[in-house]
Amino acid sequence: PAAADPTKMGVGRSIAVLTSGGDAQVGMNAAVRATVRVGLYTGAKVYFVHEGYQGLVDGGERIRLATWESVSMMLQLGGTVIGSARCKDFRSREGRMKAAANLVKLGITNLCVIGGDGSLTGANEFRTEWSGLLADLVQAGRITEQEAKKSSHLNIVGMVGSIDNDFCGTDMTIGTDSALHRIIEVVDAITTTAQSHQRTFILEVMGRHCGYLALVTAQACGADWVFIPEMPPEHGWEDHLCRRLADQRSRGSRLNVIIVAEGAMSRDGKPITSDQIKKLVTDRLGFDTRTTVLGHVQRGGTPSAFDRILGSRMGVEAVMALLEATPDTPACVVSLSGNQAVRLPLMECVQVTKDVTAAMAEGRFEDAVKLRGKSFENNWNTYKLLAHINPPDVKSNINMAIMNIGAPCAGMNAAVRAAVRMGIIQGHNMLAVHDGFDGLAQGQIEPIGWTSVSGWTGKGGSMLGTKRMSRSLPGKMLEEISQNISRFNIHALVIVGGFEAYVGGLELVQAREKYEEMCIPMVVIPATVSNNVPGSDFSIGADTALNTITSTCDRIKQSAAGTKRRVFIVETMGGYCGYLATMAGLAAGADAAYIFEEKFSIKDLETNVKHLVKKMKTTVKRGLILRNENSNANYTTDFIFNLYSEEGKGVFDCRKNVLGHMQQGGTPTPFDRNFGTKMGAKSVLWLTDKLKECYRHGRIFANTPESACVLGMRKRALMFQPLAELKEDTDLEHRIPRTQWWLKIRPIMKILAKYDIQLDTTEHADMEHVKLGFISVSAGF
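The name given to the chain in an unreviewed UniProt entry is ATP-dependent 6-phosphofructokinase, with Tetraodon nigroviridis as the source organism. Under the UniProt heading Subunit (unreviewed entry), the note attached to the chain is "Homo- and heterotetramers." Under the UniProt heading Cofactor (unreviewed entry), the entry covering the chain gives this text: "Mg(2+)".

Here it is as structure tokens:
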């Protein structure tokens, strides 16, 4: 009900949270922290269960009340702070009876379980037999009739923690993105050394039954071959693989990369091991071949920004789902689809996960890939297209140009590489435009080939070169641009960049009336750390910037460990867009994030200072304040620093950091590499279709609004939206979209920082059903 007061929803109720499974995933702590804090916010009592199900069975000291402060400083820690264990006792009925008695005695009837499918299935069985367990306990005199009546029903909500991302129905499981970060670090380290020698590298990653990590890694590093359990290679793959590697060498590639999932197998169900592949390559081709098996490194380290935000958002959703559950609602898992929190029936997800295993066992590999969901299937199809060089014999005679606009950001090069290769596969001639619209006006245009873009996915910045466009919008150079479109015979244009790419694209479209050279299909791919392009929920580059800010804030917070009370004021980029400040605030556990979109006054600043003074009286001696660079012309970073310093005298001292341009640099994260790869490939396929539609009397003529689009991620799918239509949703002066989805997440950040504010519970996720293909191209993965 919309009218329910969220701060009273949990009064008189108790929630227990436990993490379970053989290994703890990075990112679980964010989920635990959010569950505890949101639980407390609703007025509920929250308990930690230490050491997973073992703790439920043992009871006593293992089930402890959680406090606000007990989850402080948890965000940046790997593993799970409350421990996890495999538990034999819980598998016996006697063990489960002990667990039930412990919960009943404490009045706990809401259980939040963070773990893999085994742990979640166990939770569901526990819930199903709950009334039977209580009846037996009453009969044995271990609990009273009264106690049994009070706890007659157990609610269960699951969150999936698994680096394999092998749980069907969820786009991303907690820990997957962080595992990819670890793997990509290793791949990057290996590829730099290997450039010095001619080598073949075989990298084995985790994934006994699921090839997700292997597949995404292969896509993120442009591997020559990937082995995944869902889709074994065709018979005779040995010849094909050797042919591919030799072919790459002859094209001048110094490095071959092969990615193997630990559960890889052949069509007849025999394992394919990295040693076996190494022997094959060495014996047949005589290549210098090295093998690296990653093992548990993949589970370690600090959680990525994506995982922290994912864990935090899922924790909120889990508490809401528990408190809204009735005896009739099935046990559910909360998960993320695109950028939306969803609830799914636990057992349906478990069933589909089992169906995948069955399909693989029966050799129905196409089905296995489909059952894994839309996101997995898309990854597989994109990978296959881009990895396997079979340019068609017949050329299309189409010239497609690609350019970068605006400030450089990580992931642009991945989009360019994918677009160039996809174009070549379609038979087009690809042209690179250097230095943005200036380059288009000055004719800095040259052909770009298959090998010219090899190795680009992992490179930060912009290889094509960009120009800040404030000085060089195309409007001033339309004459020269139209001449070059005609001189180089350009039939279609891919524009990769930020807000300036969008405005520039719009200017070219508006010039179509005067210059018919502009009547060609165009697509804008959003790429900017600011994430401020109309028509897309995510931009390439924002995830990398977010990780930079988050890890810097971790270090800053750490620097104060053991010192007296200290508050840090950190300024982030983003132009007028508050996305980076808000999301980094959620990921780094900030006390406040000042942004342009949410007006703040001296009153608000005062509230924040008082809040920090109060906080410093607890055991938590650190504060973190983020400020978006253009959030307010008068309340500058210096002003806020001075204000806090003055008001905090005697209670805390202040430090300030302006993060600056390091937010635009760095190696692209796995998210940005894959998002860029998908966007680049998809844009060229779309342009190819558009060109066929626009072909009239031997020439291309495109002048409808639909022929010039922004390719953007919207809720759950990648969509093409006409540039002209997006104009209404644009605040051109401040260079931001008028509607921004992430503003809805801001209250979560404030609740987790202990502010008394109202969480809007009207927009809660209703339970959905797992239908195949319902999960569309997930957020970049």
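Once you've had a look at it, read on.
Engineer: What should I look at first to understand helix H21 (residues 602-615) in this one?
Structural biologist: Each α-helix winds once per 3.6 residues, and so residues spaced three or four apart point in a common direction. The terminal C-alpha atoms of H21 lie 20 Å apart, and with 14 residues this matches the ideal 20 Å at 1.5 Å per residue to within 8%. What H21 keeps buried is the set Leu 605, Asn 608, Val 609, His 611, Leu 612, Val 613 and Lys 615. Residues of H21 that are buried make contact with strand S17 (566-572), strand S18 (592-594), strand S19 (622-628) and helix H22 (637-647).

Engineer: How should the confidence of the model for the chain be read in this particular structure?
Structural biologist: Residues shown with low pLDDT carry predicted positions that ought not to be read at fine detail. Averaged over all residues, the pLDDT of the chain equals 89, while 94% of them reach at least 70. Per-element confidence in the chain ranges from a low mean pLDDT of 82 for strand S21 (residues 695-696) to a high of 98 for strand S16 (residues 522-526). Here residues 772-781 is a poorly scored stretch, pLDDT under 50, and it has 47 contacts once near neighbours within four places are set aside; other chains count.

Engineer: What am I meant to see in the pattern of salt bridges here?
Structural biologist: Two side chains that carry opposite charge are able to pair once their charged atoms sit near each other. Per the stated rule, a full pass over the model turns up 34 salt bridges. Arg 96 serves as the salt-bridge partner of Glu 129, at 2.3 Å between the closest nitrogen and oxygen. Separated by 33 residues along the polypeptide, Glu 129 in the loop between helix H4 (117-128) and helix H5 (130-139) and Arg 96 in helix H3 (residues 93-106) bring together distant segments of the chain. With relative accessibility at 14%, the residue Arg 96 sits in the buried group. With its nearest N and O atoms 3.2 Å apart, the salt bridge here joins Lys 649 to Glu 646.

Engineer: Would you take a moment to explain the sheet that holds strand S4 (residues 110-115) for this structure?
Structural biologist: Picture the strands of a sheet paired through backbone hydrogen bonds; they go either parallel or antiparallel. With mixed pairing, seven strands are arranged side by side in an open sheet as S3-S2-S1-S4-S5-S10-S11. Every other strand in the sheet has two partners, leaving strand S3 (63-65) and strand S11 (340-345) as the edge strands with one partner each. Recorded for the sheet is a direction-independent mean angle of 25 degrees between the axes of neighbouring strands. Note that strand S1 (residues 14-19) and strand S2 (residues 45-49) share five bridges and pair parallel. The residue bridging Ile 15 from the neighbouring strand is Val 46, located in S2. Across the sheet, helix H1 (residues 28-41) touches S1, S2, S4 and strand S5 (155-160), and the angle it forms with S1 is around 175 degrees.

Analysis parameters
Position labels on residues start from 1 in each chain and follow its written sequence. The model is predicted, so local features are restricted to residues of pLDDT at least 70 and side-chain atom pairs to those at 80 or more, both for listing and for counting; the totals for chains, interfaces and linings are taken over all residues. For the side-chain quantities, the full set of heavy atoms in the structure was used; hydrogens and water were omitted. UniProt positions are given in the numbering used here, feature names are shortened, and annotations may be inferred rather than shown by experiment. Counting from the N terminus, the helices are the DSSP runs of H or I reaching at least four residues and the strands are the DSSP runs of E reaching at least two. Each helix should span, by expectation, one fewer than its residue count multiplied by 1.5 Å. The buried label goes to any residue with under 20% of its type's maximum accessible area, the exposed label to any with over 50%, and the partly exposed label to all in between, with areas taken from a 1.4 Å probe on protein chains only. Contact criterion: two residues are considered in contact whenever any of their non-hydrogen atoms come within 4.5 Å of each other. Across the chain, each position has a pLDDT score giving the predictor's confidence in that residue, from 0 to 100. Salt bridges, as used here, are contacts in which a Lys or Arg side-chain nitrogen is within 4 Å of a carboxyl oxygen on Asp or Glu. A pair of strands is considered paired only if DSSP assigns at least 2 bridges between the two. Fitting a line to C-alpha atoms yields each axis, with helices limited to the stretch in contact; the angle taken between N-to-C directions then spans 0 to 180 degrees.

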